[in-house]
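# Overview (structure and organization)
Listed below are the residues making up each chain.
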Amino acid sequence: MTERSQLHLFRTGADSAPATAVVVADVFDAGRLTQARQLAGLTKAAVAEQVGVSGAAVSQWESQTSPPRPDHLVRLAEVLDVPVEFFAGGRPFARLDGSAAHFRSLRSTRASQRAKAVAFVEQVWELTYALEKYVQFPPVDLPGFLPDDTTRLPDTPAAAARALRLHWRLGIGPIPHLIRTMERHGIVATMVPFAGADTPTINAFSTSRMPRPLIVLTPDRSSDVYWHRFTAAHELGHLVLHRDAAPGDAEQEREADAFAAEFLTPAEQIHEHLPNRFDVKALEQISQEWGVSLKSLVYRCRELGTISDASARRAYQRLNHLYELEIIAPDPATNYPGEVPSLLAKAFELAESNGTLTAVDLARELKWKIPRLRLLLGQPDERPVLRLV
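### Things to note about the overall build of the chain
Helix and strand content of the chain: 19 helices and four strands. For the chain, restricting intrachain contacts to residue pairs at least 6 apart in sequence, the fraction spanning at least 24 positions comes to 73%. With the model as given, the accessible surface of the chain reaches about 18800 Å², and the carbon-plus-sulfur share is 52%.

Right, dumping it as structure tokens:
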């Protein structure tokens, strides 16, 4: 088979010749079928119905009890929107247990949505692994993350936040470009609609159980840069405080919030700037300087004792009213390049500009379709737009 015909088979995916499906059937990886099904948000029964087999057959395929026939592989590729070659084994595959990811909205996130999110993270790692063969990424600099790193941060949220600031040499003032700062220290972050309409429900989450720490942010939260930054700092708190803990504990969420508050607005420094009464103009100035929301500053005021609980309640009510009237409007994170994940996209752009890699090359290596690759890179789909003349 010529190189040109091989590329044609890859690009056409589900339209591949039967010979390709025969080859893939011999090296079928059940984990790839599970991953593709979870990414599609389909149950085994739903896949079985669309492929035209029994639910038991799909279960057998995923348990590696009995591999699918070549014609079934072709139909699976159509249903799950992947190339037939996607189901072949033999390439790197870091599997993640769903119980090892800290979901911001765990209780409201359905099991199928979590499964889709976990499969997405697995693919983010695969993309990272593939790109690291062409581009040198920043080394992971998160104390205690690497097996041979004996550095340890304090166990309490506020102390850990101060210690990480010191370790990263961030000083004691505001932290500009929070997402870029995390990426410079080897943390992989993404912000794409990886689950379509379900993405806002899944919300942000993170995991330290992959070869690199990974934080998934969602576009819905990026509509307010301050909310977006706090969410990122919250997930950073999970990576620091709860590396080996089972997710889902409400106390862990409170600890991650406390970490984020101290990391973004250290008590010792912010205290002197906080007003002794609710003052919108004063809070807005602090908000813009420190990159945090007005509501989080009101909470900080109450927490540090500059205003009473009753004053804080009245302040929240007033702020809610101002937001409803759109007197205070959110500022999108996309207006701030340093607050939008860019590590993966820049790595690809660097490899591409050096002539060592193309989108087709990378998609072929990963066994993905081009639109899937562009989604994970955070790039727009470049398919032509059809217009009526």
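### Considering the side chain of Glu339
Mapped onto the elements, Glu339 comes out in the loop between helix H16 (309-324) and helix H17 (343-353). What makes Glu339 buried here is its relative accessible area of 5%. Excluding residues within four positions of it along the chain, Glu339 makes contact with Pro176, His177, Leu178, Ile179, Val225, His228, Arg229 and Ala333.

### Topic: the environment of Glu262
Within the secondary structure, Glu262 sits in helix H12 (residues 250-264). For Glu262, a relative accessible area of 5% puts it in the buried group. A C-alpha to C-alpha distance of 8.4 Å links Glu262 and Ala159, two positions 103 residues apart in sequence. For Glu262, the contacting residues outside a window of four places in its chain are Ala158, Ala161, Arg162, Arg165, Ala267 and Arg300. A polar atom in the side chain of Glu262 sits 2.7 Å from the side chain of Arg300.

### Remarks on the packing of helix H8 (residues 157-167) against H12
Contact geometry of H8 with H12 gives a least axis separation of 8 Å together with a crossing angle of 40 degrees. Judged by the inter-axis angle, H8 sits oblique to H12. For the element pair H8 and H12, the recorded crossing hand is right-handed. Of the residues in H12, those touching H8 at Pro157, Ala158, Ala160, Ala161, Arg162, Leu164 and Arg165 are Glu255, Ala258, Phe259, Glu262, Phe263 and Leu264. The class makeup of the residues in the contact of H8 with H12 is nine nonpolar, no polar and four charged.

### Remarks on the nonpolar core
In this structure, Phe87, Leu127 and Leu131 are the most contacted members of the largest nonpolar core, which totals 63 residues. With ten residues, the single largest contributor to this core is helix H7 (residues 111-131). Discounting residues that sit within four places of it in the chain, Phe87 has contacts with Val24, Val27, Phe28, Asp29, Arg32, Leu33, Ala36, Leu73, Leu76, Ala77, Leu80 and Val82.

### Notes on the confidence of the model for the chain
Of all residues in the chain, 89% have pLDDT values of 70 or greater, and the mean over the chain is 88. Helix H9 (residues 178-184) holds the highest mean pLDDT among the elements of the chain, 98, whereas helix H1 (residues 3-12) holds the lowest, 41. Here residues 1-17 is modelled with pLDDT under 50, and outside its nearest four sequence neighbours on either side it reaches 24 contacts, counting other chains as well.

### Examining the packing of aromatic side chains
If you walk through the whole model with that rule in mind, you get six aromatic pairs. Seen in terms of ring centroids, Trp168 and Phe263 are 6.3 Å apart; in terms of plane orientation they differ by 80 degrees. Their pairing is edge-to-face. Of this pair, Trp168 sits in the loop between H8 and H9 while Phe263 sits in helix H12; the two residues are 95 residues apart in sequence, bridging distant segments of the chain. By relative accessible area, which is 5% here, Trp168 ends up buried. Here Phe263 falls in the buried class, since its relative accessible area comes to 0%. Look at Phe194 and Phe205: their rings are 6.1 Å apart centre to centre, the planes differ by 70 degrees, and that puts the pair in the edge-to-face class. Linking Phe194 in the loop between strand S2 (188-190) and helix H10 (199-202) with Phe205 in strand S3 (residues 205-207), this pair joins segments that are eleven residues apart in sequence. Each member of the pair, Phe194 as well as Phe205, carries the same accessibility label: buried. Pairwise contacts between aromatic rings join Phe120, Phe194 and Phe205 into one cluster. In this arrangement the basic side chain of Arg32 is found over the ring face of Phe93, its NZ or CZ atom lying 4.0 Å from the centre.

### Re the environment of Arg300
For Arg300, the position within the fold is in helix H15 (residues 294-304). Each C-alpha atom of the pair Arg300 and Leu274 lies 8.4 Å from the other, and the pair is 26 residues apart in sequence. Leaving out residues up to four positions away in the same chain, Arg300 has contacts with Ala261, Glu262, Thr265, Pro266, Ala267, Ile270 and Leu274. Looking at Arg300, its side chain comes within polar contact range of the main-chain oxygen of Thr265, at 2.7 Å.

### Things to note about H12
Because an α-helix packs 3.6 residues into every turn, residues spaced three or four apart end up facing the same way. Across its 15 residues, H12 extends 21 Å between first and last C-alpha, which sits within 8% of the 21 Å expected from 1.5 Å per residue. Of the residues making up H12, those classed as buried are Gln252, Glu253, Ala256, Phe259, Ala260, Ala261, Glu262, Phe263 and Leu264.

### Observations concerning unusual backbone geometry
For Gln64, which is not glycine, the phi torsion reads 65 degrees and is therefore positive. Its location among the elements puts Gln64 in the loop between helix H5 (55-62) and helix H6 (70-80). Classification of Gln64 as partly exposed rests on a relative accessible area of 42%. One non-glycine residue, Glu326, lies in positive phi territory at about 60 degrees. A relative accessible area of 63% places Glu326 in the exposed class.

How each quantity is defined
- Residues numbered from 1 in each chain as written.
- Predicted model: local features only at pLDDT ≥ 70, side-chain atom pairs only at ≥ 80, totals over all residues.
- Heavy atoms only, no water.
- Helix = DSSP H or I, 4+ residues; strand = E, 2+ residues; numbered from the N terminus.
- Contact = heavy atoms within 4.5 Å.
- Areas by Shrake-Rupley, 256 points an atom, 1.4 Å probe, with all protein chains shown as cover.
- Buried < 20%, exposed > 50% of the residue type's maximum accessible area, 1.4 Å probe, protein only.
- Polar contact = N/O pair within 3.5 Å; in protein donor to acceptor, adjacent residues only side chain to side chain.
- Axes fitted to C-alpha atoms, helices over the stretch in contact; angles between N-to-C directions.
- Parallel < 35°, antiparallel > 145°, perpendicular 65-115°, else oblique.
- Left-handed = near helix turned anticlockwise from the far one by under 90°.
- Nonpolar A, V, L, I, M, F, W, Y, C, P; charged D, E, K, R; others polar.
- Core = buried A, V, L, I, M, F, W, Y, C linked by side-chain atoms within 4.5 Å.
- pLDDT = per-residue confidence, 0-100.
- Phe/Tyr/Trp six-rings, centres within 6.5 Å; stacked < 30°, edge-to-face > 60°.
- Lys NZ or Arg CZ within 6 Å of the ring centre and 35° of its normal.
- Expected span 1.5 Å × (residues − 1).

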